[in-house]
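Analysis of the macromolecular model
Here are the chains, one letter per residue:
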Amino acid sequence: MKKIVVLTGAGISAESGLATFRGADGLWEGHDIMEVASPAGWNANPDLVLDFYNKRRSQLRTVHPNKAHIALASLEKKYHVSIITQNVDDLHERAGSSNILHIHGELLKVRSQFDDKLILDWKRDLHIGDCCEHNSQLRPHIVWFGEEVPLLENAITITEQADILLIIGTSMQVYPAASLLQYAPNKTSIYFIDPNPSVTQQERITILAEKATMGVPKVVEELMTL
Ligand code: APR
């Protein structure tokens, strides 16, 4: 089976109703990104940070996977598919994809500050005073700016094996995630689907300057006929 690797960003979930990060106002749901997505922001105002992610977590209950998430799941009938997502939502899971690596963490998980390997499923609000078994405050399981990306090595290994790479709805501005493109072997065919694509036309890259719900089903249909 050929291997398809898919790198997704906030744009794939935009049409499900989840805001992207780098909109025109440069804010994430009305907040300065560093206020709610950095260790400094967490130390300065943990209540604000918890409240922010609590709102994002409850917002998840009101949204659904869109045609792009669903089309990607259908690729598994013919290919070995690995999804590497920068998104912290669970829309790929709910669309039915099986192999998903959340390199920037997950909204529906929290982790211990004492032991970062102690990760718990978490569907409700998280408050100051919610502690792990070591009596240490739990924090959102999100990779904040300035923090390491623990799953990066896995993501690189997966990308190095790609026969086909799909990049969808990402500004490719955030490293190291954006650097994954350079790990695709020379033989890999690459599709870049984004209404405002940040890569330029190159021999092996097919660019579809379209929204995900338009572009992804088209590419999937083409791949299913190969
Ligand atoms: N379909 C596809 N792409 C879209 C759509 C859509 N309907 N709407 C917007 N986009 C594209 C934009 O053109 C842009 O290129 O989605 C991209 C969103 O870019 P960002 O907001 O920068 O999101 P992303 O690339 O996922 O950000 C990476 O930055 O803030 C951090 O950790 C956070 O994972 C995030 C990372």
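Heads up: these notes are all about the structure in this document. Note that the coordinates shown come from a computational prediction; the quantities given were computed from them, not determined experimentally. (Residues numbered from 1 in each chain as written. Predicted model: local features only at pLDDT ≥ 70, side-chain atom pairs only at ≥ 80, totals over all residues. Heavy atoms only, no water.)

1. Section: the packing of aromatic side chains
- Under the definition given, this model contains three aromatic pairs.
- For the ring pair Phe52 and Tyr53, a centre distance of 5.1 Å and an interplane angle of 90° mean the geometry is edge-to-face.
- A centroid spacing of 6.4 Å and a plane angle of 40° characterise the contact between Tyr53 and Trp144, whose relative ring orientation is tilted. One end of the pair, Tyr53, is in helix α4 (residues 46–60); the other, Trp144, is in the loop between β6 (138–142) and α7 (152–160), and 91 residues separate them in sequence. Neither residue differs from the other here; Tyr53 and Trp144 are each classed as buried. (Phe/Tyr/Trp six-rings, centres within 6.5 Å; stacked < 30°, edge-to-face > 60°. Helix = DSSP H or I, 4+ residues; strand = E, 2+ residues; numbered from the N terminus. Buried < 20%, exposed > 50% of the residue type's maximum accessible area, 1.4 Å probe, protein only.)

2. Looking at the sheet that holds β6
- Reading across from one edge, β5-β4-β6 is the order of the three strands in this open sheet, with antiparallel pairing throughout. Each having just a single partner strand, β5 (119–121) and β6 make up the two edges of the open sheet. This sheet shows a mean twist of 45° between the axes of neighbouring strands, independent of strand direction.
- Where strand β4 (residues 105–112) and β6 come together, five bridges link them in antiparallel fashion. (Pairing = 2+ DSSP bridges. Axes fitted to C-alpha atoms, helices over the stretch in contact; angles between N-to-C directions.)

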